[in-house]
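# Topology and contacts: notes
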Amino acid sequence: AGVEAYTAGDWNQAAADWSDVAATGLRSKELYFNLGNAYYKGGEIAKAVLFYERALRLDPSDADIRYNLDFARNLTQDRIDEVPEFILKTWIRKVNYLLPSNAWAGLSLFLLALALGLLLLFLLGPSAGARRTGFFTGIAALLLALAAWGFAHSQKADAERHDAAIVMRPVTSVTSSPSSDATKSLFILHEGTKVKVLDEVSGFTDIELSDGRRGWIATQDIERI
């Protein structure tokens, strides 16, 4: 049968099967991407967002993952505006996401080797013009190698961080303190919303939204990416 003939139950079973694989400790963008697709087809949008986020964390350069994640996010109820970001930071992040971390690491090694070759040209060049070319292009290659290595390291660090989570409960309250007694409810969140994790105390997690709002949520209501 084709994919179109699958029922929600079929996709839920597929998600359960892939979840068993993930439970063994295997981490790969393909596994998480397939899990996201299965949960999306099965109508579990919060879990779809969670696994798309996990896949994207392993490879932020993958346009298919980012597209599916944005599509799933559009089906969530909360609409949260992000705090405007400095344009240079946005540009650097977009450049970073052009390639996966392994590709950036390989490129940095190639550029480093090129810089060393140009250093030899600077030292042993047959003419002043050749030595001048070797010096300036060598410096440029070295700077590009450092930038590529920085991008690779940044993506690796992002993949290892666990400071973000997805709301998994259909409706949950964010409160002013880590307690269920005599505490003020600040706002309501719905499943599928992404939050930043700041701290955790006695079954409650201090979270921050992309618009800057903060509060405490029951830890059981979220799942870390």
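The structure reproduced in this document is the subject of the present report. (Residues numbered from 1 in each chain as written. Predicted model: local features only at pLDDT ≥ 70, side-chain atom pairs only at ≥ 80, totals over all residues. Heavy atoms only, no water.)

Now for the packing of aromatic side chains. Inspection of the entire model under this criterion finds 8 aromatic pairs. Between Tyr-32 and Phe-51, the aromatic rings sit 5.9 Å apart at their centres with planes inclined by 45 degrees, giving tilted as the arrangement. Placement of Tyr-32 in helix H2 (residues 29–41) and of Phe-51 in helix H3 (residues 45–58) is noted, with a sequence separation of 19 residues between them. On the basis of relative accessible area, Tyr-32 is assigned to the buried category, the value being 9%. For Phe-51, a relative accessible area of 9% corresponds to the buried category. Each residue in the set Tyr-32, Tyr-39 and Phe-51 is aromatic and connected to the rest through ring pairs, giving one cluster. Over the face of the ring belonging to Phe-187 we find Arg-213, whose NZ or CZ atom lies 4.5 Å from the ring centre. (Phe/Tyr/Trp six-rings, centres within 6.5 Å; stacked < 30°, edge-to-face > 60°. Helix = DSSP H or I, 4+ residues; strand = E, 2+ residues; numbered from the N terminus. Buried < 20%, exposed > 50% of the residue type's maximum accessible area, 1.4 Å probe, protein only. Lys NZ or Arg CZ within 6 Å of the ring centre and 35° of its normal.)

Looking now at unusual backbone geometry. Non-glycine residue Ser-202 carries a positive phi angle of around 50 degrees. Residue placement: Ser-202 occurs in the loop between strand S4 (194–201) and strand S5 (204–208).

A few words now on the pairing of strand S1 (residues 164–167). Neither face of S1 is left uncovered, since the one carrying Ala-164 and Ile-166 and the one carrying Ala-165 and Val-167 both have all their residues buried. With 3 bridges connecting them, S1 and S4 associate as antiparallel partners. What sits directly across from Ala-164, in S4, is Lys-196. With 3 bridges connecting them, S1 and strand S7 (residues 222–224) associate as antiparallel partners. (Pairing = 2+ DSSP bridges.)

Bringing the nonpolar core into the picture now. Counting 24 residues, the largest nonpolar core has Leu-35, Tyr-39, Val-49, Leu-50, Phe-51, Tyr-52 and Ile-166 as the members making the most contacts within it. Here this core gets 9 residues from one element, more than from any other, and that element is H3. Other than its neighbours up to four places away in sequence, Tyr-52 contacts Phe-33, Gly-36, Asn-37, Tyr-40, Ile-65, Asn-68, Leu-69 and Ala-72. (Core = buried A, V, L, I, M, F, W, Y, C linked by side-chain atoms within 4.5 Å. Contact = heavy atoms within 4.5 Å.)

Turning our eyes to something else, we now look at the environment of Gly-215. Position of Gly-215 relative to the elements: it lies in strand S6 (residues 214–218). A residue is classified by how much of its surface remains accessible, and Gly-215, at 5% relative accessible area, is buried. For the pair formed by Gly-215 and Leu-124, sequence separation is 91 residues and the distance between their alpha carbons is 63 Å. Apart from residues no more than four positions distant in its own chain, Gly-215 is found in contact with Val-174, Thr-175, Leu-186, Thr-205, Asp-206 and Ile-207.

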